[in-house]
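Each chain, written out:
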Amino acid sequence: MPSLTTPGGGRAAEVPGGRWWRRLDLVSHTTRRGLLWILATEAAIGAWAVAASVAAGVPDGLSLRLFALLTGFAIIHMEATRPAEERRRAAHLGGEHIDHTGVWTCAGAFVLPVPLVVALVLIIRLRRYFIARKPPGRYVFTTLAITSSALATQAIATATPVHAWIRGADLPPDRVIAAGAAVLAAFAAYYTAQTAVIGVARGLRGDWQWRAILGDRKENADLVITLCLGLIAAWAAPVAFGLLLFALTAVVIGYTRHTQRIEHLEHERDRLEVDALHDPLTGLANQRGFNPAAALALVADQARRRPTAVMMFDLDRFKGVNDRLGHLGANEVLKALATVLRTTVRRDDLVCRWGGEEFTVLLPGTATVDAWATAERIRMAVEDMTVPLTKAAGGRTEIEAGFTISGGIALSPDHGTDLATLQERADFALAEAKDMGRNRIRIAPTPVHPTPLPTRQPAHDPH
């Protein structure tokens, strides 16, 4: 089930407004049509809630007692899971989030009249606002979308035997199947109402993908569990003065905390998988991540009869940089160099921190002239590179500059057809650039015979 989170594609709406509109943050994340949809649906859901509340009349004593029970246990659940929920919401800023307070919203929709359903939703959402990490305008829209789900579920429940059955009425055996079908219809109404309201808003800002609108399998499974717990809560509320809700609340609290722990472990697993293939200092690929991707790029270019360029770069006089700026300062220089490499090459080019101050770049579908031009752009960008460093004594920030880089280029198929051979020949071209005075680019000579070059240590420049 979708929730309105970070902006997707689409041109932002341009409507008049001032600080009030900016604080609501409705305009900046959607299009003009999306904004019109948001305002129209908010007005429609608000009118629906008011009209249905007036038609429902004054709640009876049982409804008030059930409302008090569900509200109280919802607050207990929210307070007991506040740290876990904060972490879950922080982890889901760029994606979907299933709030487990839907247990109490769903339960209220099954057993309460419309005025108390609306009141329960508003109380829960007001309490959640302080950890929501959403601007007011977007939070109000999501709140009204949840209200639409609760109202749709309540309408199905009261139009079928489900509402009276859960509140304590007898359920004849011949109506069990009908009641089960009504419960499924109520669940479908809860999902459909919120999905339609928020999904269309997402689509109108440019994201019409089915996954963005309908949610993925994991999120929908979480929602199904939440709704099932809500049905149990609705059934338990009128039984034994709500004492069963104590046990159910413990289950719901445990489920929220367990979900947060699982999500945290999955996040850590994903992070470790990324870290295993990337250099932690620069964020570039390491050899483990670079080599398979580079080998595939080479094979693809060879199949298309296209050239591939492999470049080796080495920061000049890095030992002197390390001695002058210290270990932390040298790390900042390496990070700045990584940024230069990323921003100078194309999106599909591969960049790797090969080791120490040595970097390798693979340019798919690139001939000699373009490879030379790219290497020269990198060299000149490093000449212009500045690195702000904060000194330990006094906290002064000083700008360091004057860095240079040397590079060697080898091309497939002229210098070889496998990654190891191309890097070897590019590395010797790099050594020639160093020997010729540094701060220059050399292209490896085309070999007359396919004999391997003698082995050489990586180009770590000690001077």
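Just so you know, these numbers come straight off a predicted model, no measurement behind them. (Residues numbered from 1 in each chain as written. Predicted model: local features only at pLDDT ≥ 70, side-chain atom pairs only at ≥ 80, totals over all residues. Heavy atoms only, no water.)

S.K.: Residues and numbers for the overall build of the protein, please.
M.R.: If you tally the helices and strands in the protein, you get 16 helices and seven strands. By the burial criterion, 48% of the 463 residues in the protein qualify as buried. Of the contacts formed within the protein by residues at least 6 apart in sequence, a portion of 74% connects residues at least 24 apart. Element-wise, carbon and sulfur atoms account for 63% of the exposed surface of the protein, whose accessible area totals about 22400 Å². (Helix = DSSP H or I, 4+ residues; strand = E, 2+ residues; numbered from the N terminus. Buried < 20%, exposed > 50% of the residue type's maximum accessible area, 1.4 Å probe, protein only. Contact = heavy atoms within 4.5 Å. Areas by Shrake-Rupley, 256 points an atom, 1.4 Å probe, with all protein chains shown as cover.)

S.K.: A description of empty space enclosed by the protein should follow, citing residues and the corresponding values.
M.R.: Rolled over the atoms, a probe sized like a water molecule indicates the empty space that remains. The tally for this structure, following the rule as stated, stands at one cavity of 30 Å³ or more. Here the largest cavity is characterised by a volume of approximately 40 Å³. Around the largest cavity, the lining residues are Met-78, Glu-79, Arg-82, Arg-127, Arg-128 and Ile-131. Tallied by class, residues from the lining of the largest cavity come to two nonpolar, no polar and four charged. (1 Å grid on protein atoms, 1.4 Å probe; cavity = no way out; pocket = protein on both sides within 12 Å on 5 of 7 lines; lining within 4 Å. Points joined across faces, edges and corners; volume = space filled by probe spheres on them. Nonpolar A, V, L, I, M, F, W, Y, C, P; charged D, E, K, R; others polar.)

S.K.: Would you mind going over the nonpolar core in detail, with residue names and values included?
M.R.: Formed by 42 residues in total, the largest nonpolar core has its most connected members in Leu-70, Trp-104, Phe-110, Val-111, Leu-112 and Leu-245. Counting residues per element, the ones that place at least two in this core are helix H3 (61-80), helix H5 (102-111), helix H6 (114-128), helix H7 (136-159), helix H8 (162-166), helix H9 (176-204), helix H11 (217-236) and helix H12 (244-277). Excluding residues that lie within four positions of it along the chain, Phe-110 makes contacts with Thr-153, Ala-157, Val-162, His-163, Ile-166, Ala-186, Phe-187, Leu-231 and Ala-234. By size, the runner-up hydrophobic cluster in this structure holds 33 residues, among which are Leu-284, Val-333, Met-385 and Ile-441. (Core = buried A, V, L, I, M, F, W, Y, C linked by side-chain atoms within 4.5 Å.)

S.K.: Give me the lowdown on the pattern of salt bridges, citing residues and values where you can.
M.R.: Counted according to the given criterion, the structure contains 15 salt bridges. Linking Asp-99 and Arg-128 is a salt bridge whose minimum nitrogen-to-oxygen distance equals 3.1 Å. Taken together, the residues Asp-99 in the loop between helix H4 (82-91) and H5 and Arg-128 in helix H6 connect sequence positions 29 residues apart. Judged by its relative accessible area of 13%, Asp-99 falls in the buried class. With a shortest N-O distance of 2.9 Å, Glu-332 and Lys-335 are connected by a salt bridge. Taken together, the positions of Glu-332 and Lys-335, both in helix H14 (residues 318-344) and three residues apart, correspond to about one turn of that helix. The structure contains a network of salt bridges with shared partners spanning Glu-85, Asp-99 and Arg-128. (Salt bridge = Lys/Arg side-chain N within 4 Å of Asp/Glu carboxyl O.)

S.K.: Give a detailed account of the pairing of strand S2 (residues 350-355), specifying residues and quantitative values.
M.R.: If a strand is regular, its side chains alternate between the two faces of the sheet. Bridge count between S2 and strand S3 (residues 358-363): five bridges; the pairing is antiparallel. Counterpart to Val-351 in the pairing with S3 is Val-361. In textbook terms, the turn of a hairpin is the stretch between consecutive antiparallel strands, and for S2 and S3 this stretch comprises two residues, one of which, Gly-356, has a positive phi near 60°. (Pairing = 2+ DSSP bridges.)

S.K.: Let's hear about the pairing of strand S1 (residues 308-315): which residues, and what values?
M.R.: Counting buried positions along S1 gives eight out of eight residues, so the element sits mostly inside the fold. Taken together, the eight bridges between S1 and strand S6 (residues 405-412) define a ladder with antiparallel strand orientation. Within the sheet, the bridge partner assigned to Asp-314 lies in S6 and is Ser-406. Note that S1 and S3 share six bridges and pair antiparallel. Counted as the bridge partner of Val-310 is Leu-362 from S3.

S.K.: Tell me about H3, and name the residues and values.
M.R.: Here H3 contains 20 residues, and its C-alpha end-to-end distance of 29 Å stays within 8% of the 28 Å for a straight helix at 1.5 Å per residue. All of the buried residues along H3 are Ser-63, Leu-66, Phe-67, Leu-69, Leu-70, Thr-71, Phe-73, Ala-74, His-77 and Met-78. (Expected span 1.5 Å × (residues − 1).)

S.K.: Account for a nonpolar patch on the surface, naming residues and giving values.
M.R.: Taken together, the side chains of Ile-232, Trp-235, Val-239 and Leu-244 present a nonpolar region at the surface, about 340 Å² in accessible area. Of note, Ile-232 is situated in helix H11. (Patch = residues over 30% accessible without salt bridge, like charges linked within 9 Å, V, L, I, M, F, W, Y side chains within 5 Å.)

S.K.: Explain the sheet that holds strand S7 (residues 441-443) residue by residue, including any values.
M.R.: Paired through their backbone hydrogen bonds, the strands of a sheet run either parallel or antiparallel. In spatial order, the strands read S2-S3-S1-S6-S7; together these five strands make up an open sheet with mixed pairing. Bordering the open sheet on either side are S2 and S7, each of which pairs with just one other strand. Each neighbouring strand pair of the sheet contributes to a mean axis angle of 20°, computed without reference to strand direction. Contacting S1, S2, S3 and S6, H14 crosses the sheet at an angle of about 15° to S3. Against the sheet, helix H16 (residues 419-435) engages S1, S2, S3, S6 and S7, with an angle of about 145° to S6. (Axes fitted to C-alpha atoms, helices over the stretch in contact; angles between N-to-C directions.)

S.K.: Go over helix H15 (residues 368-383), please, and point to the residues and values.
M.R.: A rise of 1.5 Å per residue sets the reference length of H15, with its 16 residues, at 22 Å; its end C-alpha atoms lie 23 Å apart and thus fit the reference within 8%. Among the residues making up H15, those that are buried are Ala-371, Thr-374, Ala-375, Glu-376, Ile-378, Arg-379 and Val-382. Those residues of H15 that are buried lie in contact with S1, H14, S3, S6 and S7.

S.K.: Break down the confidence of the model for the protein for me, citing the residues and quoting the values.
M.R.: With 85% of its residues at a pLDDT of 70 or more, the protein has an overall mean of 85. Scored below 50 in pLDDT, residues 3-18 shows 48 contacts in the model against residues more than four places distant or in partner chains. Within the model, the stretch residues 458-463 combines pLDDT values under 50 with 23 contacts to residues more than four positions away or in other chains. (pLDDT = per-residue confidence, 0-100.)

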